[in-house]
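So the chains spell out like this:
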Amino acid sequence: MLKRYKRELFIATGAGTLALVLGASAATLHSSGALFDLPLVGTWMRSPHSSSPPDALNLEPDASSTVLPLATLPSGERAEKLQAIAKDAPSLDQNRARYLLAIDLINQNRGGAALPLLQKLEQSYPVLAPYILVKRAQAYTASNQPQQANATWQQIVQQYPDHPIAAEALYALGKTNPQYWDQILQNFPAHPHAIEIAETRLAQNPNQPTLLLLLAKHGLYLKDIDLVLDRLVNDYSAQLTPEDWEAIAFGYWENQRYGSAGRAYGRSPQTPLNMYRTGRGAQLGKRTEDAIAAYQTLIQTFPDAPETGLALVRLGKLTKPTEAIAYLDQAINRFPDRAAEALLERAKILDELGSPQSASQARQSILTQYSKSDTAAELRWTLTEQRMQAGDFQSAWNLAQQIVKENPTSEYAPEAAFWIGKWQQQAGRTQEAKTAFEYVLMHYPESYYAWRSAVYLGWNVGDFTTVRQNLPQVVKPSQRSRLPAGSDTLRELYQLGQDADAWALWQTEFKNVRQPTVAEQFTDGLMRLGVGDNLDGIFMLSSLSNRELPKEKEEYASLKQQAGYWQSLYPFPFLNSIEQWSQQRQLNPLLVTALIRQESRFEPKIQSSAGAVGLMQVMPDTADWIAEQINLTDFDLNKPDDNLKLGTWYLNYTHEEYSNNSLFAVASYNAGPGNVADWIDRFGFSDPDLFVEQIPFPETKGYVESVFANYWNYLRLYNPEVSQQLARYSPNHATVSQKP
C-alpha cells in the first residue's frame, strides 16, 4: 500500500476480547431493555444531502449538449454523429463538432481535410479562438504547408501575446530559433513547455540555478523533482532568497520529505505556517530538540495564530511532563478548537504521573465541554472497547449511541452505527437492526460499513463469500462534470476531453498552489486525472476532507453531495484491460478495480518501497513464480496488460486457496496466505465482521476495509440497481440511470 494514501485507522484495543463477549453483551442489553432504539428513517434530522450546492460548486454538466457526451469517445466511434451535427445550423454544438472533427483529422495526419472545418471557426466560437488558430497551424503542418503553419504561429504570438496559448506558438517557432524559447521561460514559466525547455537545457548544462528554481517552483509534478530540490540546497544555498527557500520547502513537503522541508522552512519568510512546518518537519525528521525550539519560537512570535494552538499541543507530546502540562493548559485556555485534543493529551500524562482521578476529570471534560469534537468521538470509541473488555456492556452500548448522536461526522460514527445494528441483530431485534443499517446507508453511503449494512439488508451487492461471482452492470456517466474553477476556456477544453491543452492552461491559471481554495483543489485533481497523474489526482480530491475552516468544510460538504465528486474520486482507468483479464480469471471486475485503486491508484509504473511494481503492485519474485505457472516467458510489470495478467492470476490463486472467500483472498493479497491461514486458526470464522476487527496487522485490516469500501463505491456509483436502491435513503447518491 502506498504510504501517502495509507488509511490511518484507529485500532481498537482488545479485539480478541470483543469476539468472546459480543454474544453476551447483546443478551445483557436485551434483558435490560436498554437497547438503543434508532428512530425510523426520515425522522432523524434534516439530511445533510438535502440542500442544493452553491452555483460556484455546482458540478452538473450541460445536459442539453449533444456533442459533450461524444467528447471522450474514440474518434472512430464519434465521427458519424459529429459529422451530422457539424452540418446543422450554426450553434455552440455545431462549433464543438467542427472543432473535434478537425482534431481527429489532424491526429490522423489529414490536415488538409481539417482546414475547411476550422475556417472562420474562431469568429463563431470565441471561447476557443486562440486554440482554433493552434489547430489551424497544426493542420497546415500535417498537410505539408510549412509556410502557412509558420505564418499562423506568428499570428498567434502577435494576436495573443499575453495568453498562455502564445507558449504553444513560441515553442513551435523556437524549434528553429531558440530565442522564442527564452520568451516562454520569461513570460510563461509555469507552462509545461517552459518545464520541458528547462529540463532540456539543464541536461546540456546542469549548472543553471535559475532553471533549477523554475522547476522547483512550477515543476513539482516531475518524477525527479527531489533531485532538483537537493541540487539547489546542496550547490546553491548561498544564492537563495527566503522566497526561494519557501518554494523549496513546499516542494519537499509535497513530496513527503518532511525533515528536509523543516530545514528549508526554517530559512523561509517567518509566517505562522512556515514556522509551524519548521517545527513539524523537525519532529517528523526525528530532530526533537530542533522541533521544540521551533515551536517555542512560533509561540513567542505569533502568540495568537491558529498554528500556535497546534504547536502547543505538539509541545505537550514532546516535552517533560511538567512542561507539557503547562503547554497543554495554554492550548486549553487560549485555543478552544484545540482544547479537546489538549485535554486528551493532558489525561495521558496524568495517568503516567499516577494521578488517575485528575486524568479521569480531564477525559470527562472532553465528553461534557467538547462533546461534539472529533477527540470526544475518539475517546468514546476507546472507552467503548475498554467497557466491553471489562464486561460493562451497558456502558459500551451507551457510548456507541453517544458517538452516533454527538459525533455524526466523525470517522468512528459509521462503525458505531453499524455495530449498533449488529448488536440489535444479535439480540434478535430485527426491526431495530434494520433501522440501524438503513441509518448507515442514509448518512454514510460512501463508507465500508454502508456495504456491510447493505449486505445485512439483503441487497444484491455480494458478501465476502459471493463477491467474486458477481458480474454487476456498469453504467459510466455520459459526460464530464463541470469544473468549479478556472476560465471559461479551461472549462470548455475540459468538457471537450482536450486534457493536454486543459492541463497546460491550468498550469498558468492556477496561481494559488500552496493554499488553494476548495474549488481550485478539486479542479486541480481533475486536471491531474485528465493527464494520467492518477496518484496525485486522487490525492487532491480525497484530501479535501482535511479542510478545517468552517466555510471550507461547508464547501467540501457541498461537493460530497454531488455525483460528480464521487465519480471523479473513483475513476475507471484501464477499464477495457481490467474487464478482459477479470473475465478470463472469472473475477468480479469491480473487485479487481477496487484492489488496483488501493494498490497503485492506477499508476502503471509506480514502485513501492518493498519493490512491488505496477497497477496491481506485483512483487518481481512473485511475478517470476506466476510466469512459470502459466508458461509466460516474456513480460514487463510496468506494462499495464502484463501487470494485470499476472496480478489477476494471483488474485484468482488467493481465492482458490480459500474456497472463493474474497475476505481471505484480499487479505492474502496484502499479507500473504500463510498469515491469513494463521489468523483463521487463531480466531475462527464465525462472523466475518469480527474477523476483520481481529486482524492483527493494522495495515492489512485497513487494506481489507479500503478495498471493499472501494468496491462498494464503484458499485453504488455505476450500478443502476444499487444506485436506485441507495436513492431511497440517500437521494443524492442516485448517480446512474437504469439505461446504459
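Notes on the structure follow.

Scoring rules and cut-offs
Residues numbered from 1 in each chain as written. Predicted model: local features only at pLDDT ≥ 70, side-chain atom pairs only at ≥ 80, totals over all residues. Heavy atoms only, no water. Helix = DSSP H or I, 4+ residues; strand = E, 2+ residues; numbered from the N terminus. Rg over C-alpha atoms; globule rule 2.2 N^0.38 Å. Buried < 20%, exposed > 50% of the residue type's maximum accessible area, 1.4 Å probe, protein only. Contact = heavy atoms within 4.5 Å. Areas by Shrake-Rupley, 256 points an atom, 1.4 Å probe, with all protein chains shown as cover. Lys, Arg positive; Asp, Glu negative; His and termini not counted. Charge placed at Lys NZ, Arg CZ, Asp CG, Glu CD. Axes fitted to C-alpha atoms, helices over the stretch in contact; angles between N-to-C directions. Parallel < 35°, antiparallel > 145°, perpendicular 65-115°, else oblique. Left-handed = near helix turned anticlockwise from the far one by under 90°. Salt bridge = Lys/Arg side-chain N within 4 Å of Asp/Glu carboxyl O. Phe/Tyr/Trp six-rings, centres within 6.5 Å; stacked < 30°, edge-to-face > 60°. Lys NZ or Arg CZ within 6 Å of the ring centre and 35° of its normal. Polar contact = N/O pair within 3.5 Å; in protein donor to acceptor, adjacent residues only side chain to side chain. Core = buried A, V, L, I, M, F, W, Y, C linked by side-chain atoms within 4.5 Å. Nonpolar A, V, L, I, M, F, W, Y, C, P; charged D, E, K, R; others polar.

## So, the overall build of the protein
Stage number 1. Tallying secondary structure elements over the protein gives 40 helices and 0 strands in all.
Stage number 2. Here the C-alpha radius of gyration of the protein, 28 Å, is about what a compact globule of 740 residues would show, namely 27 Å.
Stage number 3. Reported as C-alpha extents along the three principal axes, the dimensions of the protein are approximately 90 × 60 × 55 Å.
Stage number 4. Per-residue burial for the protein yields a buried fraction of 56% across its 740 residues.
Stage number 5. Across the protein, contacts joining residues at least 24 apart in sequence account for 56% of those joining residues at least 6 apart.
Stage number 6. Only carbon and sulfur atoms are counted for the fraction: they give 48% of the accessible area of the protein, which is about 32,100 Å².
Stage number 7. In the protein, 65 positive and 79 negative side-chain charges are present, and the distance between their average locations comes to 2 Å.

## Considering the packing of helix α23 (residues 413–426) against helix α25 (residues 448–456)
Pairs of packed helices are described in terms of their axes, by the angle between the two and the distance that separates them.
Stage number 1. Contact geometry of α23 with α25 gives a least axis separation of 9 Å together with a crossing angle of 20 degrees. The angle between α23 and α25 places the two elements in the roughly parallel class. Viewed along their axes, α23 and α25 form a crossing whose handedness is left-handed. On α25, the residues that touch P414, E415, F418, K422 and Q425 of α23 are Y449, R452, S453 and Y456.

## Focus: the pattern of salt bridges
Stage number 1. Here the structure, examined in full by the defined rule, presents 34 salt bridges.
Stage number 2. Salt-bridge contacts for E246 lead to R514; the nearest nitrogen and oxygen are separated by 3.3 Å. Residue E246 is found in helix α13 (residues 242–254), and its partner R514 is found in the loop between α27 (499–509) and α28 (518–530); the two are separated by 268 residues along the sequence.
Stage number 3. The exposure class assigned to E246 is buried, which follows from its relative accessible area of 18%.
Stage number 4. Across the pair K551 and E555 runs a salt bridge whose closest N-O atoms are separated by 2.5 Å. Of the two residues, K551 and E555 both sit in helix α30 (residues 550–560), 4 residues apart, roughly one turn of that helix.

## Looking at the packing of aromatic side chains
Stage number 1. In this structure the tally under the stated criterion is 40 aromatic pairs.
Stage number 2. Their ring planes at 40 degrees and their centres at 6.0 Å tell us that F418 and Y456 sit as a pair that is tilted. In this pair, F418 sits in helix α23 while Y456 sits in helix α25, placing the two residues 38 residues apart along the sequence.
Stage number 3. According to the relative accessible area criterion, F418 is buried, its value standing at 1%.
Stage number 4. Taken together, F418, W419, F437, Y448, Y449, W451, Y456, F464, F708 and Y711 form an aromatic cluster joined through their ring pairs.
Stage number 5. Here the guanidinium or amino end of R452 rests over the ring plane of W451, the centre of that ring lying 4.9 Å away.
Stage number 6. Across from the ring centre of Y570, 4.1 Å away, lies the NZ or CZ of R597, which sits over that ring.

## Comments concerning unusual backbone geometry
Stage number 1. Unusually for a residue other than glycine, N109 sits at a positive phi of about 65 degrees.
Stage number 2. Among the secondary structure elements, N109 is positioned in the loop between α3 (92–107) and α4 (111–118).
Stage number 3. The exposed category is assigned to N109, whose relative accessible area is 56%.
Stage number 4. Notably, N144 is not glycine yet its phi reads approximately 60 degrees, a positive angle.
Stage number 5. By the secondary structure assignment, N144 is in the loop between α6 (129–142) and α7 (146–159).
Stage number 6. Residue class for N144 comes out exposed when judged on its relative accessible area of 66%.

## Brief notes about helix α26 (residues 488–495)
Stage number 1. The buried count for α26 comes to 7 of 8 residues, which makes it a mostly enclosed element.
Stage number 2. Residues of α26 that are buried include every one of T489, L490, R491, E492, L493, Y494 and Q495, and no others.
Stage number 3. Summarising the contacts, the buried residues of α26 are in contact with α3, α6, α27 and α28.
Stage number 4. Where α26 terminates, the next one or two residues include G497, which has phi positive at roughly 75 degrees.

## A word on the side chain of S373
Stage number 1. Considering the arrangement of structural elements, one finds S373 in the loop between α20 (356–369) and α21 (374–389).
Stage number 2. With relative accessibility at 19%, the residue S373 sits in the buried group.
Stage number 3. A polar contact is formed between the side chain of S373 and the backbone oxygen of Y370, at a distance of 2.8 Å.

## A look at the side chain of D642
Stage number 1. The residue D642 is located in helix α35 (residues 640–657) in this model.
Stage number 2. For the buried D642, no salt bridge exists, and the shortest N-O distance to an oppositely charged side chain is 4.2 Å, to K645.

## As for the nonpolar core
Stage number 1. Among the nonpolar cores identified, the biggest contains 187 residues, and Y99, W451 and W712 are the most heavily contacted of them.
Stage number 2. If you tally residues by element for this core, the top one is helix α39 (residues 698–718), at 11 residues.
Stage number 3. I292, L310, L328 and I366 belong to the second-largest nonpolar core, a separate cluster that totals 36 residues.

## Structural notes on helix α36 (residues 662–671)
Think of an α-helix as 3.6 residues a turn; residues three or four steps apart then line up on the same face.
Stage number 1. Of all 10 residues in α36, 9 are buried; the element is thus mostly enclosed.
Stage number 2. Looking at α36, one finds that the buried residues are S662, L663, F664, A665, V666, A667, S668, Y669 and A671.
Stage number 3. Those residues of α36 that are buried are in contact with α33 (589–600), α35, α37 (673–683), α38 (688–694) and α39.
Stage number 4. For α36, the N-terminal capping position is held by N661, with its side-chain oxygen 3.0 Å away from the main-chain nitrogen of L663.
Stage number 5. Backbone geometry just after α36 places G672 at a positive phi near 95 degrees.

## Overview of the environment of Y494
Stage number 1. Structurally, the position occupied by Y494 is in helix α26.
Stage number 2. Residue classification places Y494 among the buried positions, given a relative accessible area of 7%.
Stage number 3. Between the C-alpha atoms of Y494 and T72, which are 422 residues apart in sequence, the distance is 10.0 Å.
Stage number 4. Residues within four places of Y494 in sequence aside, it is in contact with R480, S481, L483, D499, A502, L526 and M527.

## What about the packing of helix α2 (residues 75–86) against α3?
Stage number 1. The N-to-C vectors of α2 and α3 enclose an angle of 140 degrees; their axes lie 9 Å apart at closest approach. The angle between the axes of α2 and α3 places the two elements in the oblique class. Note on packing geometry: the crossing formed by α2 with α3 is left-handed. In contact with S75, R78, A79, L82, Q83, I85 and A86 of α2, α3 contributes D93, Q94, A97, R98, L100, L101 and D104.
Stage number 2. In terms of residue class, the contact of α2 with α3 is built from 7 nonpolar, 3 polar and 4 charged.

## What about the environment of A727?
Stage number 1. Inspection of the secondary structure puts A727 in helix α40 (residues 720–727).
Stage number 2. The spatial distance from the C-alpha of A727 to the C-alpha of M442 is 8.8 Å, given a sequence separation of 285 residues.

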